[in-house]
Amino acid sequence: MKRTVKIFILSATLFAACFNFLFSSTREPVGSANLGPAEVYAASCSKCHGADGRARTAKGKRAGATDFTSSDWNTDEARGIRIITNGKSEMPAFKGKLTTKDIKSVFDYVLRFRR
């Protein structure tokens, strides 16, 4: 009985340490590795929105991703940053994955597709 309790306590401690490491808010977000907005976009956004911003990828079509070249796309900065930060529908949230600065720079980057 004592051995089972020890194993349980050890397992629970190990699980808690791993959980803390994986979800700790003190970890550096992905985008803070000195990547430019084009590299952050390529790594985080192009799978759905495409390298050209037209959302013609298979995953983008399935998810109904926004076509950044479309005149129908709402380019309001506050709204765009909120969507990148918190996610929307099929789009994941990038809060904690990208820095606030990277989120803003990626939003500014995708505006270029519309021009």
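Scope of this entry: the structure provided in the associated data block. What you see as residue numbers is a count from 1 along each chain, following the sequence as written. pLDDT decides what is reported in this predicted model: residues at 70 or higher carry local features, side-chain atom pairs at 80 or more are listed and counted, and totals for whole chains, interfaces and linings draw on all residues regardless. To obtain the side-chain values, all non-hydrogen atoms of the structure were used and water was disregarded.

## Describing the packing of helix α5 (residues 77-86) against helix α6 (residues 100-114)
The interhelical angle for the contact between α5 and α6, taken along N-to-C directions, is 120 degrees, at an axis separation of 10 Å. Here α6 runs oblique to α5, going by the angle between their axes. For α5 against α6, the interelement crossing comes out right-handed. Facing E77, G80, I81, I84 and T85 of α5, the residues of α6 in contact are I103, K104, F107 and D108. For the contact of α5 with α6, a count of residues per class yields four nonpolar, two polar and three charged. Here an angle of 0 to 180 degrees is reported between the N-to-C directions of two axes, which are lines fitted to C-alpha atoms, with helices fitted over the stretch in contact. By definition, any uninterrupted DSSP run of H or I lasting at least four residues is a helix, any uninterrupted run of E lasting at least two residues is a strand, and each is numbered from the N terminus. Throughout, the term roughly parallel applies to angles under 35 degrees, roughly antiparallel to angles over 145, roughly perpendicular to angles from 65 to 115, and oblique to all others. What makes a crossing left-handed is the near helix being turned counterclockwise from the far one by less than a right angle; a clockwise turn instead makes it right-handed. Two residues qualify as a contact provided that any one of their heavy atoms is within 4.5 Å of a heavy atom in the partner residue. Charged residues are taken to be Asp, Glu, Lys and Arg, nonpolar residues to be Ala, Val, Leu, Ile, Met, Phe, Trp, Tyr, Cys and Pro, and polar residues to be all remaining types, Gly included.

## Describing the packing of helix α2 (residues 37-44) against α6
Interaxial distance between α2 and α6 falls to 9 Å at its minimum, and their mutual angle equals 85 degrees. One finds that α2 runs roughly perpendicular with respect to α6. Where α2 approaches α6, its residues P37, A38, V40 and Y41 are matched on the opposing element by S105, V106, Y109, V110 and F113. Among the residues making up the contact of α2 with α6, the classes are represented as eight nonpolar, one polar and no charged.

## A closer look at the nonpolar core
In this description, a nonpolar core means a group of buried Ala, Val, Leu, Ile, Met, Phe, Trp, Tyr and Cys residues linked to one another through side-chain atoms lying within 4.5 Å. Three labels apply to residues, based on accessible area from a 1.4 Å probe with only protein chains included: buried if under 20% of the type maximum, exposed if over 50%, partly exposed otherwise in between. Grouped together as the largest cluster of nonpolar side chains are 15 residues, with contacts concentrated most on Y41, F68, W73, F107, V110 and F113. If you list the elements that add at least two residues to this core, you get α2 and α6. With residues near it in sequence (within four places) discarded, W73 still touches T66, D67, F68, F107, V110, L111 and R114.

## With respect to the pattern of salt bridges
Salt bridges are identified by distance alone: a Lys or Arg side-chain nitrogen within 4 Å of an Asp or Glu carboxyl oxygen. Applying the stated criterion across every chain, the model contains three salt bridges. A salt bridge links R54 to D52, with the shortest nitrogen-to-oxygen separation between them at 3.8 Å. Residue classification places D52 among the partly exposed residues on the basis of a relative accessible area of 39%. One salt bridge connects K104 with E77, and the closest N-O pair in it is separated by 2.7 Å.

## Some words on α5
Looking at α5, one finds that the buried residues are G80, I83, I84 and T85. Against the buried residues of α5 lie α6. Once α5 ends, the next one or two residues include G87, with phi positive near 80 degrees.

## Notes on the packing of aromatic side chains
Classification of ring pairs rests on two measures: the distance between centres of Phe, Tyr or Trp rings, Trp counted by its six-membered ring, which must be within 6.5 Å, and the angle between planes, read as stacked under 30 degrees, edge-to-face over 60 and tilted in between. Inspection of the entire model under this criterion finds six aromatic pairs. Taking the centre distance of 6.3 Å and the plane angle of 10 degrees together, the rings of F68 and F113 count as stacked. In this pair, F68 is assigned in the loop between α4 (58-63) and α5 and F113 in helix α6, connecting sequence segments 45 residues apart. A relative accessible area of 16% places F113 in the buried class. One aromatic cluster in this structure is built from Y41, F68, W73, F107, Y109 and F113. Both a distance and an angle decide whether a charge sits over a ring: NZ of Lys or CZ of Arg must be within 6 Å of the ring centre and within 35 degrees of the ring normal. Sitting over the face of the ring of F94, K97 holds its NZ or CZ atom 5.9 Å from the ring centroid.

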